[in-house]
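Close look at the chain arrangement
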Amino acid sequence: MLENLTGQERQYLNFLLDSVREERDTYKEKMNWYIGEMEWYANALQEEATKHTQTKENLKKARELNEHHRELNGELQEQLRSVQYQLRQLVKKTEP
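Presented here is a report on the structure given in the accompanying data block.

Cut-offs used in this document
- Residues numbered from 1 in each chain as written.
- Predicted model: local features only at pLDDT ≥ 70, side-chain atom pairs only at ≥ 80, totals over all residues.
- Heavy atoms only, no water.
- Helix = DSSP H or I, 4+ residues; strand = E, 2+ residues; numbered from the N terminus.
- Salt bridge = Lys/Arg side-chain N within 4 Å of Asp/Glu carboxyl O.
- Buried < 20%, exposed > 50% of the residue type's maximum accessible area, 1.4 Å probe, protein only.
- Phe/Tyr/Trp six-rings, centres within 6.5 Å; stacked < 30°, edge-to-face > 60°.

**Some points on the environment of Lys92**
- Take Lys92: it is sitting in helix H1 (residues 7-94).
- Considering only alpha carbons, one finds Lys92 and Lys30, 62 residues apart in sequence, at a separation of 91 Å.

Here it is in structure tokens:
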């Protein structure tokens, strides 16, 4: 079929092929750029997700520590009340 083409038809066919190749190359460049942009956004989102996860973990640890401190504080309050009671009892015994 190609052998039946005239010189002008071959030139036009080559022109069309060159145009298609140029469009393909432009498309590839744009797609590579878009892929690069999407990779950048994906990395940025991953970083934010990591920060969010770390923040959640830090908040969980802080809550656990806070609960532990409350428990210790409660125990210390009980010990303080016990010591205060014992001091009052000693004072009563030493009073005339």
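Having put the structure on the table, let's press on.
**Quick look at the pattern of salt bridges**
- With the rule as written, the count across this model stands at four salt bridges.
- A salt bridge links Asp25 to Arg24, with the nearest nitrogen and oxygen atoms 3.3 Å apart.
- Owing to a relative accessible area of 35%, Asp25 belongs among the partly exposed residues under this scheme.
- For Arg70, the salt bridge identified is with Glu67, shortest N-O distance 3.9 Å. Taken together, the residues span about one helical turn, with Arg70 and Glu67 both in helix H1 at a distance of three residues.
- By relative accessible area, which is 38% here, Glu67 ends up partly exposed.

**Concerning the packing of aromatic side chains**
- Under the defined criterion, the tally for this structure stands at three aromatic pairs.
- Summarising the aromatic geometry, the rings of Trp33 and Tyr34 are spaced 5.1 Å apart at their centres and angled 70° between planes, so their arrangement reads as edge-to-face.
- Given a relative accessible area of 51%, Trp33 falls into the exposed group.
- Overall, the relative accessible area of 45% leaves Tyr34 in the partly exposed class.
- Both rings, one in Trp40 and one in Tyr41, keep their centres 5.0 Å apart while their planes meet at 75°; by these two values the pair is edge-to-face.

Spatial relationships are all this shows, so hold off on functional conclusions.
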